[in-house]
Amino acid sequence: MEYTYLGRSGLKVSKLCLGTMNFGVNTDEKEAFRIMDAALDAGVNFFDTANIYGWGKNAGKTEEIIGRWFAQGGGRREKVVLATKVHGDMSDPLDGPNSPAGLSSYKIRRHLEGSLRRLQTDHIELYQMHHIDRNVSWDELWEAFQIAIVQGKIGYVGSSNFAGWDLVKAQYEAKNRHMLGLVSEQHKYNLLCRLPELEVLPAAEHLGIGVVAWSPLEGGLLGGNAAKKLEGSRTANDNRYEKFRSQLEAFSALCRELGESEANVALAWTLAHPAMTAPIIGPRTFEQFQDTLRVVEIKLDEAVMKRLDEIFPGPGGAAPQAYAW
């Protein structure tokens, strides 16, 4: 496994991040334990989750599974750089009118305590805002996070789904408080979703914010199973394949030339961006996880990158050149 620093921090994380969104939904607890054990054995130390995973009435279930895995001991907790998120509605009746999604100081405090309890730990390395909340000032946000840092409950703060100007504003306000600010931005980025190249990725790179890519396979569409419509796959009922058929067929042909799977080439392409810390891999099974480990060894040369640009054209570069001239 290869490692890199998480943004401007001194924290080293694996260049693959284990996503746990399937745990408790499409992956049972026994298989989830097996995947997490295999991740540690392979050197993957960066685990990502969220308080709302499990979804709806089962929100929090994924964190609970991870917590029970930690409780087995064997140094599991100490070996993991743990990331979770806050923002969503946990449907807690005690929240009353504060139940809907948001990032008030009240919500951050209560939901952080809930995550710590479910995860059976006393600290979280990376606490991420799942979305922006423009009803809450940065004075309120940074004070709430600063208190949690001083209490030792979180180590670093990250964001997710932020616009480029949100990242700039966050860092400006953090600097005014003499804080490190954001160390990471988790953002949707893949061969079929290259819009972040306009502003988010350049802003993150300039500000020293590490980018963690979610949905690097576009919900499985870039994983090679879309055409096969494999039963049980995330693309089994996905009609988007027809929309992108010509591109996906050209992509599959290129991958066959390279002797690599579509999923691994798509992940390697994402990882090649200079702003990228790690793509999130979200295996449903142990076998899927094993197949993905090769990604860090794949280095796509300039000719292959050019062909991928031809198949999946991006926005044309960073703003403003991409749309001004």
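Here, every reference points to the structure presented above.
For every chain, the first residue of the written sequence is number 1, and numbering continues from 1 along that sequence. At least 70 in pLDDT is required for a residue's local features to be given in this predicted model, at least 80 for side-chain atom pairs to be given and counted, and no such filter applies to totals for whole chains, interfaces and linings, which use all residues. For the side-chain quantities, the full set of heavy atoms in the structure was used; hydrogens and water were omitted.

(A) Just the overall build of the protein, in detail. Counting its secondary structure elements, the protein contains 13 helices and 10 strands. What you see for the protein is a C-alpha radius of gyration of 19 Å, in line with the 20 Å of a compact globule of 325 residues. Projecting the C-alpha coordinates of the protein onto the three principal axes gives extents of approximately 55 × 50 × 35 Å. Only protein chains enter the accessibility calculation, which uses a 1.4 Å probe. A residue is then buried if its area is under 20% of the maximum for its type, exposed if over 50%, and partly exposed in between. For the protein, buried positions account for 53% of its 325 residues. Areas reported here follow the Shrake-Rupley algorithm with a probe of radius 1.4 Å; residue values treat only the protein chains shown as occluding. For the protein, the accessible area works out to roughly 14,800 Å², and carbon and sulfur atoms hold 50% of it. Charged side chains of the protein number 36 positive and 41 negative; the gap between the two group centres comes to 2 Å. To qualify as a helix, a DSSP run of H or I must reach at least 4 residues; to qualify as a strand, a run of E must reach at least 2; elements of each kind are numbered from the N terminus. For this measure, only C-alpha atoms enter the radius of gyration; the expected value for a globule follows 2.2 Å times N^0.38, where N is the number of residues. Lys and Arg are tallied as positive, Asp and Glu as negative. Neither His nor the chain termini are counted. Charge coordinates come from a single atom per side chain, which is NZ of Lys, CZ of Arg, CG of Asp or CD of Glu.

(B) A look at the environment of Ser-252. Residue position: Ser-252 is located in helix H9 (residues 245-258). We classify Ser-252 as buried; its relative accessible area is 16%. The sequence separation of Ser-252 and Phe-46 amounts to 206 residues, and the corresponding C-alpha distance is 29 Å. Nitrogen and oxygen atoms within 3.5 Å of one another constitute a polar contact, given that in protein one can donate a hydrogen and the other can accept it, and given that sequence-neighbouring residues count only through two side-chain atoms. A polar contact is formed between the side chain of Ser-252 and the side chain of Glu-262, at a distance of 2.9 Å.

(C) Seen up close, the nonpolar core. Grouped together as the largest cluster of nonpolar side chains are 77 residues, with contacts concentrated most on Met-36, Met-129, Trp-142, Phe-145, Phe-251, Phe-289 and Leu-308. If we ignore the near neighbours within four places in the chain, the residues touching Phe-289 are Leu-18, Ile-35, Ala-38, Ala-39, Ala-42, Val-44, Ile-281 and Pro-283. Here, nonpolar core means buried Ala, Val, Leu, Ile, Met, Phe, Trp, Tyr and Cys residues that are tied together by side-chain atoms lying within 4.5 Å of each other. Formed by 12 residues, the second largest nonpolar core is a distinct cluster that contains Val-13, Cys-17, Ala-83 and Val-183. Residue contacts are defined here by distance: any two heavy atoms, one from each residue, within 4.5 Å place the two residues in contact.

(D) Main features of unusual backbone geometry. Put simply, Ala-319 and Pro-320 share a cis peptide bond, and its omega is 0°. Even without being glycine, Gln-120 reaches a positive phi, approximately 55°. Positionally, Gln-120 belongs in the loop between helix H4 (105-119) and strand E6 (124-129). By relative accessible area, Gln-120 is classed as partly exposed at 44%. Look at Asn-161: it is not a glycine, yet its phi comes out positive at around 65°. Mapped onto the secondary structure, Asn-161 falls in the loop between strand E7 (154-160) and helix H6 (164-176).

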